[in-house]
Amino acid sequence: FGMDVYVDQNIAKADGYTSVMVTLKNSSGSFMYKSDIAGIKDSEAVTGTLTAKQITDLITAADMTPVARICTLRDSVSGNYIEDIKYMTSDGYTWLDAAPTKGGKSWLSPFAENTSKYIADITAELAAAGFKTVILADVIFPKFLNADDAYLGHLPIRDPAARLEALWKMIGASSDAAKANGAKLMLEM
């Protein structure tokens, strides 16, 4: 998978393991597989060389169950390729979690219109490729500073009910996508 990892399937099975979990979208937003998602498929966000189907075929050939893990909202890359998925300031600039000189990064916003669809599209792609479970990681909000109220005042970043509703909308869309493709969805806590 582009990683120098070797697992002896016989040892894994002897130890009682039945599944192989693979992180296919990491917390920077890079795709560790060759995705076919519109806007992403020909971008620098794709760093993997195998398709999701090729990965599931390798895992199932070892008589193991394929499980995918995708990082969701902690993602500083996808917003460069997909419209309306990242935090934007009220005056139209990309919001960062810190100053650029301090390593500030953008995040995907569950309040943004296309974020739920985007994460559901990834879930559907992986489930359709044969992953039996898709785990959503980083289903979290960034740590907002008090100064962010001035920049993001148009969003309900301080409203716990609105925040929860936005997360459930994203989770629900991904759950529906997983079920429609014969897989189940799990959340990493």
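The structure reproduced in this document is the subject of the present report. Remember, it's a predicted structure, so these values are computed and weren't measured experimentally. (Residues numbered from 1 in each chain as written. Predicted model: local features only at pLDDT ≥ 70, side-chain atom pairs only at ≥ 80, totals over all residues. Heavy atoms only, no water.)

Examining the pattern of salt bridges
Oppositely charged side chains can pair when the atoms bearing their charge come close. Evaluation of the coordinates by the stated rule reveals eight salt bridges. The salt bridge involving Asp-97 is made with Lys-105; its shortest N-O contact spans 3.5 Å. Given the relative accessible area of 39%, Lys-105 is considered partly exposed. Note that Lys-117 is salt-bridged to Asp-121, the shortest N-O span being 2.7 Å. Within this pair, Lys-117 and its partner Asp-121 are both found in helix α3 (residues 115-128), separated by four residues, close to a single helical turn. Look at Asp-121 and you get partly exposed, because its relative accessible area is 28%. (Salt bridge = Lys/Arg side-chain N within 4 Å of Asp/Glu carboxyl O. Buried < 20%, exposed > 50% of the residue type's maximum accessible area, 1.4 Å probe, protein only. Helix = DSSP H or I, 4+ residues; strand = E, 2+ residues; numbered from the N terminus.)

Here's the deal with the nonpolar core
Soluble globular proteins tend to pack their nonpolar side chains together in the buried interior. In terms of nonpolar packing, the biggest core is built from 41 residues, with Tyr-118, Ile-122 and Leu-126 touching the most fellow members. Of all the elements in the fold, those that place two or more residues in this core are β1 (19-25), α2 (52-61), β2 (65-71), α3, β3 (133-137) and α5 (160-180). If we ignore the near neighbours within four places in the chain, the residues touching Ile-122 are Lys-25, Phe-31, Tyr-33, Ile-37 and Ile-70. (Core = buried A, V, L, I, M, F, W, Y, C linked by side-chain atoms within 4.5 Å. Contact = heavy atoms within 4.5 Å.)

Details of the pairing of β1
Taken together, the six bridges between β1 and β2 define a ladder with parallel strand orientation. Bridge pairing in β2 links Val-20 to Pro-66. With α2 bridging β1 and the parallel β2, this β-α-β connection has right-handed handedness. (Pairing = 2+ DSSP bridges. Right-handed = clockwise from strand over helix to strand, strands pointing away.)

Things to note about the sheet that holds β2
Read from one edge to the other, the open sheet built from four strands follows the order β1-β2-β3-β4, with strand pairing classed as parallel. Looking at the sheet topology across the chains shown, the edges are occupied by β1 and β4 (184-187). In this sheet, neighbouring strand axes are inclined to one another by 25° on average, regardless of whether the strands run parallel or antiparallel. Its contacts with the sheet put α5 on β3 and β4, and the angle it makes with β4 is roughly 145°. (Axes fitted to C-alpha atoms, helices over the stretch in contact; angles between N-to-C directions.)

Brief notes about the packing of aromatic side chains
The geometry of an aromatic ring pair is captured by two quantities: the separation of the ring centres and the angle between the planes. What the rule picks out here adds up to six aromatic pairs. The interplanar angle of 80° and the centroid separation of 5.6 Å between the aromatic rings of Tyr-87 and Phe-144 together place this pair among those described as edge-to-face. One end of the pair, Tyr-87, is in the loop between β2 and α3; the other, Phe-144, is in the loop between β3 and α4 (148-151), and 57 residues separate them in sequence. Each member of the pair, Tyr-87 as well as Phe-144, carries the same accessibility label: buried. Grouping aromatic residues by their ring pairs yields a cluster made of Tyr-87, Trp-95, Phe-111, Phe-141 and Phe-144. Against the face of Phe-141 rests Arg-163, its NZ or CZ located 4.1 Å from the ring centre. (Phe/Tyr/Trp six-rings, centres within 6.5 Å; stacked < 30°, edge-to-face > 60°. Lys NZ or Arg CZ within 6 Å of the ring centre and 35° of its normal.)

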